[in-house]
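Coordinate analysis (summary)
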Amino acid sequence: MPLLANPAKSLRWATAPCRSLGQVRVRTVLSPIHNHDLWTIRGQYGYKPQLPATGGTEAVGIVDALGEGVQGIAPGQRVAVASVQGAWAEYFLAPAQGLVPVPEAVADEVAAQLVAMPFSAISLLEFLQVERGDWIIQNTANGAVGKTLATLAEARGVHVVNLVRRDAGVDELAALDIDHAVSTAQEGCKKTVRAMVADTPIRAAVDSIGGRASDDLLDLLGENGVLVSFGSMTGEPMQISPGNLIFKHTTVKGFWASKISAAMPEQTRRRLFAELLERAAKGELKLPVDKIYDLADIAAAAAASLQPGRKGKVLLRP
C-alpha cells in the first residue's frame, strides 16, 4: 500500500529543527531528485521511512559541524554523499565514513549527482564481470545510470549497445559522445543490433524497464549470458521466454546498489570512487542538469522530474 500517492501533490516545504546524532552535519548546496526518491514517496521502494519524513538521498554540501569521534573530515570541506535521508533540506546529517571529498575541478552540478547514480553504474559494471572487448546491452540508455554506464564501460574497453525508446534519444546520446545507440521505436531494431555487434555474443544485459522489454534483451543475449534486473520503469513483472532462458543457459539476477555497496570491500569502494573522481575532474563523466529549483518549489520540481524527455537531472537548491 503506497505511503503517498503523488509526489507532485504530496511534497511541501517545511522547517524542522537540526538534531545532532554524533554524525557530520552538512549544509546542502545542491541535491538531485532521483527516481528512487519518488518511488520511496509512493511507498514502492525497499526503504519505507516513518512519516512525516524529509526526502532526498544525495547531495553536495559543506561540512558544517562534526560529531564526537569524527576524524579525517574538517568543517568547511566540500563533500558529496548518498544513501542518506533528508538531503532535501538546508542541513542534513550524514555518516562520516560515507562522505566523498570533492576536488575543486568538479563543479557542484556534477558533484551533486556523483555518488548515487555513477557509483551504481560503476558497481553494476563490476557486477557484470565483463572484460575489455566484450559486448553488453542496456535499455533506457539515456537515463542517468545508462549514460554513465556507457561512458565508464567504453573507457574500460567494454562495448555497449545502448537501447532508447525514442528516436530523439539517439541524438541525445550522440551529443554526449555515446555511440552504438539504437531506437527500439524503429522497425528491425534487433537486426540492427545484431549487425552492430557483428554476431559477437553479447555477454550481459541490463534491464531497467521490465515487461516484454526483458525478453527483448534476453533474445539478443548470447549463450551463458546474464540478464540483470536493475529496475522496472513500467512497473510490470519481467516477461521472459522459457525457450531463450533454457536453451541459452541464461542467468537472471537482480541488482540493488544499496546491498551491493554495503557488502563491498573498502579497498574496492575506494578504487571505484577514485575512478569516478578522476573522470569527473577531466570532464569525461558528463552528468547534465535539466533545471535547478528552489527547495520551496519542491512540488513543481517533483512534477518536472516526472516529465519524459528531460535533458538531465532536476536539482534542488536551498
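Structural data are supplied above this passage.
Keep in mind that this is a model prediction, so the values were computed, not measured.

Procedures and definitions
Residues numbered from 1 in each chain as written. Predicted model: local features only at pLDDT ≥ 70, side-chain atom pairs only at ≥ 80, totals over all residues. Heavy atoms only, no water. Pairing = 2+ DSSP bridges. Helix = DSSP H or I, 4+ residues; strand = E, 2+ residues; numbered from the N terminus. Axes fitted to C-alpha atoms, helices over the stretch in contact; angles between N-to-C directions. Contact = heavy atoms within 4.5 Å. Parallel < 35°, antiparallel > 145°, perpendicular 65-115°, else oblique. Left-handed = near helix turned anticlockwise from the far one by under 90°. Nonpolar A, V, L, I, M, F, W, Y, C, P; charged D, E, K, R; others polar. Salt bridge = Lys/Arg side-chain N within 4 Å of Asp/Glu carboxyl O. Buried < 20%, exposed > 50% of the residue type's maximum accessible area, 1.4 Å probe, protein only. Core = buried A, V, L, I, M, F, W, Y, C linked by side-chain atoms within 4.5 Å.

We now examine the sheet that holds strand β10 (residues 226–229). Spatially, six strands are ordered β8-β7-β6-β9-β10-β11 in an open sheet, and the strand pairing comes out parallel. Looking at the sheet topology across the chains shown, the edges are occupied by β8 (181–183) and β11 (251–254). Going from strand to strand, the sheet's axes swing by 20° on average, the running direction of each strand aside. Seen against the sheet, helix α6 (residues 167–174) touches β7 (159–164) and β8 and runs at an angle of roughly 165° to β8.

Right, let's talk about the packing of helix α4 (residues 116–128) against helix α11 (residues 266–281) for a bit. If you want to describe how two helices pack, look at the angle between their axes and the distance between the axes. Two elements in contact, α4 and α11, have axes separated by 10 Å at closest approach and are oriented at 120°. By the angle between their directions, the pair α4 and α11 is classed as oblique. As α4 runs across α11, the sense of the crossing is right-handed. On α11, the residues that touch P118, F119, I122, S123 and E126 of α4 are T268, R269, R271, L272, F273, E275 and L276. Per-class residue counts for the contact of α4 with α11 are six nonpolar, two polar and four charged.

Turning next to the pattern of salt bridges. A complete count under the given rule lists 15 salt bridges for this structure. Here E126 ties to R271 by a salt bridge, and the two come within 3.0 Å at their closest N and O atoms. Of this pair, E126 sits in helix α4 while R271 sits in helix α11, and the two are 145 residues apart along the sequence. Residue E126 is classed as partly exposed on the basis of its relative accessible area, which comes to 28%. Three or more residues are tied together by salt bridges with common partners; here these are E126, R156, R271, E275, R279 and E284.

With that settled, consider the pairing of strand β2 (residues 58–65). Burial analysis of β2 places six of its eight residues in the buried class, which makes it a mostly covered element. Looking at chain direction, strand β1 (residues 24–32) and β2 are connected through five bridges and run antiparallel. Considered in β2, the bridge of L30 is made with V60. Bridge count between β2 and strand β3 (residues 78–82): five bridges; the pairing is antiparallel. If you follow A59 over to β3, its bridge partner there is V81.

Where α4 contacts helix α5 (residues 144–155), the two axes come as close as 8 Å, and the packing angle between them is 50°. By the angle between their axes, α4 is oblique relative to α5. For the element pair α4 and α5, the recorded crossing hand is right-handed. Between α4 and α5, the residues in contact are M117, P118, A121, I122, L124 and L125 and A144, V145, T148, L149, L152 and A153, respectively. Among the residues forming the contact of α4 with α5, the class breakdown is eleven nonpolar, one polar and no charged.

A few words on the nonpolar core. Counting 44 residues, the largest nonpolar core has F119, L124, L125, L128, V130, I136 and L276 as the members making the most contacts within it. With eight residues, the single largest contributor to this core is α4. Setting aside residues up to four positions removed in sequence, V130 forms contacts with L125, I136, V158, R203 and A204.

With respect to burial, helix α2 (residues 35–42) is a largely interior element, six of its eight residues being buried. All of the buried residues in α2 are H36, D37, L38, T40, I41 and R42. Looking at the buried residues of α2, the elements they touch are α1 (7–10), β1, α4 and α12 (298–305). In the segment just after α2, G43 is the residue with positive phi, at about 80°.

Just geometry here; none of it tells us what the structure is for.
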